[in-house]
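Notes for the structure review
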Amino acid sequence: MTQRSTSLIHHAYQPPAGFESPVLPVHKGSSIFLPSVAALRRTSWKDRDGYTYGLHGTPTTFALESRIAELEGATHALLAPSGLAALNLVNQTLLASGDQLCIPSNVYGPSRASARHDLARWGVQHAVYDPLDAESLRAVITPQTKLIWLEAAGSVTLEFPDLLGLIHVAREAAPQAVVALDNTWGCGLAFDAFALPGGLAVDLTIHALTKYPSGGGDVLMGSVCTRDETLFARLATAHGRSGLGVGANDVELVLRNLPSLALRYAAQDAAARRIAQWAQQLPGVAQVLHPALPNSPGHAHWAQTCRAAAGLVSLRFAPEVSASQVEASVDALQLFRIAWSWGGPVSLAVPYELAGIRDGAQGTVLRLAMGLEDPQDLMDDLANALRIIR
Ligand SMILES: Cc1ncc(COP(=O)(O)O)c(C=O)c1O
């Protein structure tokens, strides 16, 4: 089988005769000319097999959709203006008043806020489960459960969930529910969400293409992928009615960076592992959170499921280290920049107070997202900045 790193470069696109080059052209258009009124009447945006209006697809957006579907091992993809918009598209498509959704306790923050506020206002209840304990999911499932979100790994504390156990419980206890995974960390490269060990699979994934697929720290975009035709039809209809357009130039940037995706991901994975190993001896660091470290939460689940580990590593500080000491260290960093997100060329650092983001958790965590700098330079930068704590 062709590896994804190869198929992202050698793809099915047919260039115009005599003009083959490494990149795809950028097609723009809100208005798309149709040859006759009969053609206007005949074509529907819902079919997604032709062009009707820019919002509903261009050769450029369809090319990226098919590339992202291939990356994730799905058959269909939809693009959204951000990862968060993709998440909300799924919620909006699959949930109605009276339904319940389940989210992990380490879920991406804005997802939790949306469940607490917007979805609650629309009469949708949510329940929180422990991603490391599949039985805790079983305990909160009800006949009203229609959507179960998984996130692998948690994006700040990097616990790798019991993915296989959770999907197994979901299938057994909530056959009526759709199982959705935030696949941003795994990126289609660390594991196959649609072909997991034991014949398990999720029903759909969302992906913040803003991170690794964009790779530049300059594009916001998201996707929803599935292999399920019926589910795709529901999602595509809701997508078409929601006005979730993406700009052709942004799509071009993602298309342009896909051929280097696997290399960038591998480089950032290697840098994160090297820094994770090294950081364990840093003064004031109580625990290094990285799924490939044997003492990191969920390591066994990661080892069971994954062949790679993305470029995030978090440092949990000892209780005697104050939040202001950590903040002063972060301010002293030179190469790591203080910014949200990950997957771009520049390494990023964000300190988090666990009390605000994890029920019952305390202390300060510093999340580091690897860029593409030399790992030794990054370690020197960290060692220098963290001297404040010593
Ligand atoms: C795990 C995860 N999912 C989704 C998102 C949302 O992506 P976006 O920033 O494109 O809205 C993020 C963004 O940080 C994220 O970390």
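Quick summary incoming for the structure in this document. Here the structure is a predicted model, which is why all the values come from computation and not from measurement.

Conventions we followed
- Residues numbered from 1 in each chain as written.
- Predicted model: local features only at pLDDT ≥ 70, side-chain atom pairs only at ≥ 80, totals over all residues.
- Heavy atoms only, no water.
- Core = buried A, V, L, I, M, F, W, Y, C linked by side-chain atoms within 4.5 Å.
- Buried < 20%, exposed > 50% of the residue type's maximum accessible area, 1.4 Å probe, protein only.
- Helix = DSSP H or I, 4+ residues; strand = E, 2+ residues; numbered from the N terminus.
- Domains from an automatic or database assignment.
- Contact = heavy atoms within 4.5 Å.
- Near = heavy atom within 4 Å.
- Polar contact = N/O pair within 3.5 Å; in protein donor to acceptor, adjacent residues only side chain to side chain.
- Areas by Shrake-Rupley, 256 points an atom, 1.4 Å probe, with all protein chains shown as cover.
- 1 Å grid on protein atoms, 1.4 Å probe; cavity = no way out; pocket = protein on both sides within 12 Å on 5 of 7 lines; lining within 4 Å.
- Sits in = over half its atoms within 2 Å of the grid points.
- Axes fitted to C-alpha atoms, helices over the stretch in contact; angles between N-to-C directions.
- Parallel < 35°, antiparallel > 145°, perpendicular 65-115°, else oblique.
- Left-handed = near helix turned anticlockwise from the far one by under 90°.
- Nonpolar A, V, L, I, M, F, W, Y, C, P; charged D, E, K, R; others polar.
- Pairing = 2+ DSSP bridges.
- Expected span 1.5 Å × (residues − 1).
- Points joined across faces, edges and corners; volume = space filled by probe spheres on them.

A few points about the nonpolar core
- One finds Leu137, Leu150, Trp185 and Phe191 to be the most contacted residues of the largest nonpolar core, which totals 65 residues.
- Of the residues forming this core, the biggest block, six residues, is contributed by helix 7 (residues 163-173).
- Shared between two domains, this core holds at least three residues of each, these being domain 1 (4-259) and domain 2 (261-388).
- Aside from chain neighbours lying at most four places away, what touches Leu137 is Cys102, Tyr129, Ile148, Leu166, Val169 and Ala170.

Quick word on the site of the ligand
- Contacts to the ligand come from Ser82, Gly83, Leu84, Tyr108, Glu151, Ser155, Asp182, Thr184, Ala208, Thr210, Lys211 and Trp342.
- Separating an oxygen atom of the ligand from a side-chain N or O atom of Lys211 is a distance of 2.6 Å.
- If the ligand stood free it would expose 390 Å²; the protein chains cover 89% of that surface.
- One can see that the ligand is located within the largest pocket.

Topic: the packing of helix 4 (residues 83-94) against helix 5 (residues 109-121)
- At a minimum axis distance of 11 Å, the contact between helix 4 and helix 5 shows a crossing angle of 40°. Classified by the angle between their axes, helix 4 and helix 5 sit oblique to one another. The element helix 4 and its partner helix 5 pack so that their crossing is right-handed. Of helix 5, the residues touching helix 4 (which contributes Leu84, Leu87, Asn88 and Asn91) are Pro110, Ser111, Ser114 and Leu119.
- Taken together, the residues that form the contact of helix 4 with helix 5 break down as four nonpolar, four polar and no charged.

Let's talk about the sheet that holds strand 10 (residues 337-338)
- The five strands lie next to each other as 8-9-12-11-10, forming an open sheet whose pairing is mixed. A single partner strand is all that each edge strand has here, and the edge strands are strand 8 (285-289) and strand 10.
- Where strand 11 (residues 348-353) meets strand 12 (residues 364-369), six bridges bridge the pair, whose relative direction is antiparallel. Opposite Glu353, over in strand 12, you have Thr364 as the bridge partner.

Brief notes about unusual backbone geometry
- A cis amide bond links Ala152 to the next residue, Ala153, at an omega of -5°.
- Turning to its location among the elements, Ala153 is positioned in the loop between strand 4 (145-151) and helix 7.
- For Arg48, which is not glycine, the phi dihedral falls at a positive 55°.
- With phi around 60°, Leu158 is a residue other than glycine that occupies positive phi space.
- Following the sequence through the fold, Leu158 ends up in the loop between strand 4 and helix 7.

Notes on the sheet that holds strand 6 (residues 204-208)
- Pairing is mixed across the open sheet formed by seven strands, whose spatial order is 1-7-6-5-4-2-3. Looking at which strands have only one partner, the edges of the open sheet turn out to be strand 1 (76-80) and strand 3 (125-129). When the angles between neighbouring strand axes are averaged without regard to direction, this sheet yields 20°.
- With five bridges connecting them, strand 4 and strand 5 (residues 178-182) associate as parallel partners. Bridge pairing in strand 5 places Trp149 opposite Ala180.
- Here helix 4 sits on the sheet and contacts strand 1, strand 2 (100-104), strand 4, strand 5, strand 6 and strand 7 (222-226); the angle it forms with strand 6, its principal contact strand, is near 155°.

A few points about the side chain of Ser114
- One can find Ser114 in helix 5.
- Of the residues examined, Ser114 reaches a relative accessible area of 7% and is grouped as buried.
- Non-local contacts of Ser114, meaning those with residues more than four positions away in its chain, are made with Asn88, Asn91 and Leu119.

A closer look at helix 10 (residues 261-279)
- The end-to-end C-alpha distance of helix 10 is 26 Å, a good match for the 27 Å that 19 residues give at a rise of 1.5 Å each.
- Those residues of helix 10 lying buried are Leu261, Ala262, Arg264, Tyr265, Gln268, Asp269, Ala271, Ala272, Ile275, Ala276 and Ala279.
- Packing partners of the buried residues in helix 10 comprise helix 1 (4-7), helix 3 (59-72), helix 9 (248-257), strand 8, strand 9 (312-317) and helix 14 (375-385).

Here's the deal with empty space enclosed by the protein
- One pass over the full model with this rule turns up one cavity of 30 Å³ or more.
- Taken as a whole, the largest cavity encloses approximately 40 Å³ of empty space.
- As for the largest cavity, its lining consists of Leu87, Pro104, Val107, Tyr108, Ser111, Trp149, Leu150, Glu151 and Asp182.
- Across the lining of the largest cavity, the residue classes break down as six nonpolar, one polar and two charged.

Remarks on helix 4
- Here helix 4 spans 17 Å end to end across 12 residues, near enough to the 16 Å set by a 1.5 Å rise per residue.
- Burial runs high along helix 4: nine of the 12 residues are buried.
- Of all the residues in helix 4, the buried ones are Gly83, Ala85, Ala86, Leu87, Leu89, Val90, Asn91, Thr93 and Leu94.

Purely spatial values, then, with no claim about function.
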